[in-house]
Amino acid sequence: MLRTSALRAGCAAVAVLAVSTGCTVPADGGGAAGDGKPGGSAVGAPTTPTSEPAAPSPTESAEPSVRPAADRTTPPPSPEPTPSESTPSWSPSPEPSETSEAPDPKPEPLMESGDESGQVRELQARLRQIGHFDRNPTGYYGSVTAAAVSSFQGKRGLPRTGETDILTWQKLLDRTDEPTRDELFPPTTRPVAAPDPRCLKGRVMCISKKSRTLAWMVDGKMRSAMDVRFGSEYTPTREGTFSVGWKSRDHVSTIYDTPMPYAMFFSGGQAVHYSADFAAKGYEGASHGCVNVRDKTKIATLFNEVRTGDKVVIYW
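First things first, this report covers the structure right here in the doc. What you are looking at is a predicted structure, and each value in this text was computed from that prediction instead of being measured.

1. Structural notes on the side chain of serine 248
Point 1. Looking at the element boundaries, serine 248 is found in strand E5 (residues 246-252).
Point 2. The buried category is assigned to serine 248, whose relative accessible area is 15%.
Point 3. Polar side-chain contacts of serine 248 include one of 3.4 Å to the side chain of histidine 251.
Point 4. For serine 248, the residues in contact, after removing those within four places along its chain, are Met260, Pro261, Tyr262, Ala263 and Phe303.

Pasting the structure below:
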């Protein structure tokens, strides 16, 4: 009986030792108590220790100690900013539609360099009325006309193109009068100079070296006008007040042996007469001191009207 009690006591000690040993068996099933056999699950089941926290999983960690390779090469996307007054938002420009208006094209010129017409002549006459064109109208749109148009455009705040477009033309019409026939078809290439005071009384051939014109004046009124040419610096035409000494319709120079038709002599051998050379060459040449006229019809008419004794005034 005593032996049996001792045996039972030894078995109990062994059982207590077994239970104590099973509480420390690792959770990976290193001992028999963790193998899930019937009757051992309550004793050998793994439990989470309360004295030492478990290692955090990657999903539970806010910042892993070693960032994955993907994290080291690709930074996390930053949140898109919300539009505000300080951060302008961008939006694509609308695609042009068929109904979109194209920019205004450059106005088509009514007149431009190289044109020759009656309208160009009117343009020149109107520009001359307001002081932008200082020559007589010719009907040809050249560099002088273009410069005059550009001057007018600049005065009126328009683009200085030198071409006459509809807006330039309209502004010019608003500021000028309808040109007269004499304004459109003046008798001389250059405007006739204002008459010298000596020309305002009686019958006078009033000759201006500045404008290179001859005006036939009767009692202060101009009866006709024509282009004239003078002598060179070596054979200058004399200036002053003279009178017609004599006339010769078909005169030939005894010094130069050249024709001098419709000659009206006023100072020694100097005379007003027609010059075929002047008609052919213009102002490229010069006379030997006479006053040359290149319009044969006009000088012929003047020759018939001028009398011996009529006054001749030559001035600058």
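Let's pick the thread back up.
2. Let's talk about helix H4 (residues 118-129)
Point 1. In this model, H4 (twelve residues) spans 17 Å end to end at C-alpha, consistent with the 16 Å of a helix rising 1.5 Å per residue.
Point 2. Taken together, the buried positions of H4 are Val120, Arg121, Glu122, Leu123, Gln124, Ala125, Arg126 and Leu127.
Point 3. Packing partners of the buried residues in H4 comprise helix H5 (143-155), helix H6 (166-175) and helix H7 (181-184).
Point 4. For H4, the capping residue at the N-terminal end is serine 117, with a side-chain oxygen 3.4 Å from the backbone nitrogen of glutamine 119.
Point 5. Glycine 131 sits one or two residues past H4 and shows a positive phi near 85°.

3. What about the packing of H4 against H6?
Point 1. Packing of H4 against H6 leaves a shortest axis separation of 10 Å and a crossing angle of 50°. Classified by the interaxial angle, the pair formed by H4 and H6 is oblique. Read as a crossing pair, H4 and H6 show a hand that is left-handed. For the pair H4 and H6, contact is made by Gln119, Glu122, Leu123, Arg126 and Leu127 and by Trp169, Leu172 and Leu173, respectively.
Point 2. Looking at side-chain class alone, the contact of H4 with H6 contains five nonpolar, one polar and two charged residues.

4. Regarding the pairing of strand E3 (residues 221-229)
Point 1. With six bridges connecting them, strand E2 (residues 213-218) and E3 associate as antiparallel partners. Bridge assignment links leucine 214 to a residue of E3, and that residue is methionine 226.
Point 2. In textbook terms, the turn of a hairpin is the stretch between consecutive antiparallel strands, and for E2 and E3 this stretch comprises two residues, one of which, aspartate 219, has a positive phi near 55°.
Point 3. Strand direction decides the pairing type here: E3 and strand E8 (residues 291-293), joined by two bridges, are antiparallel. Looking at the pairing, valine 228 lines up with valine 293 of E8.

5. Here's the deal with the layout of surface pockets
Point 1. In this structure, the largest pocket occupies an estimated 490 Å³ of space.
Point 2. As for the largest pocket, its lining consists of 24 residues, of which Tyr256, Thr258, Met260, His273 and His288 are closest to the centre.
Point 3. Only strand E6 (259-267), strand E7 (270-274) and helix H8 (276-281) provide two or more residues apiece to the lining of the largest pocket.
Point 4. Taken as a whole, the second largest pocket spans an internal volume of roughly 380 Å³.
Point 5. Split by residue class, the lining of the second largest pocket holds six nonpolar, six polar and five charged.

6. Remarks on the pattern of salt bridges
Side chains bearing opposite charge may pair, as long as their charged atoms lie close to each other.
Point 1. Tallied over the entire structure, the rule returns eight salt bridges.
Point 2. A salt bridge links arginine 126 to glutamate 178, with the nearest nitrogen and oxygen atoms 3.1 Å apart. Here arginine 126 is found in helix H4, whereas its partner glutamate 178 is found in the loop between H6 and H7, with 52 residues between them in sequence.
Point 3. Here aspartate 227 and arginine 294 are joined by a salt bridge, their closest N and O atoms 3.1 Å apart. Pair noted here: aspartate 227 is in strand E3 and arginine 294 is in the loop between E8 and helix H9 (296-305), with a separation of 67 residues, a long-range link.
Point 4. Among the residues examined, arginine 294 registers a relative accessible area of 25% and is labelled partly exposed.
Point 5. The network of salt bridges with common partners includes Glu122, Arg126 and Glu178.

The rules behind the values
Residues numbered from 1 in each chain as written. Predicted model: local features only at pLDDT ≥ 70, side-chain atom pairs only at ≥ 80, totals over all residues. Heavy atoms only, no water. Helix = DSSP H or I, 4+ residues; strand = E, 2+ residues; numbered from the N terminus. Buried < 20%, exposed > 50% of the residue type's maximum accessible area, 1.4 Å probe, protein only. Polar contact = N/O pair within 3.5 Å; in protein donor to acceptor, adjacent residues only side chain to side chain. Contact = heavy atoms within 4.5 Å. Expected span 1.5 Å × (residues − 1). Axes fitted to C-alpha atoms, helices over the stretch in contact; angles between N-to-C directions. Parallel < 35°, antiparallel > 145°, perpendicular 65-115°, else oblique. Left-handed = near helix turned anticlockwise from the far one by under 90°. Nonpolar A, V, L, I, M, F, W, Y, C, P; charged D, E, K, R; others polar. Pairing = 2+ DSSP bridges. 1 Å grid on protein atoms, 1.4 Å probe; cavity = no way out; pocket = protein on both sides within 12 Å on 5 of 7 lines; lining within 4 Å. Points joined across faces, edges and corners; volume = space filled by probe spheres on them. Salt bridge = Lys/Arg side-chain N within 4 Å of Asp/Glu carboxyl O.

Note that all results are geometric; they support no functional claim without further evidence.
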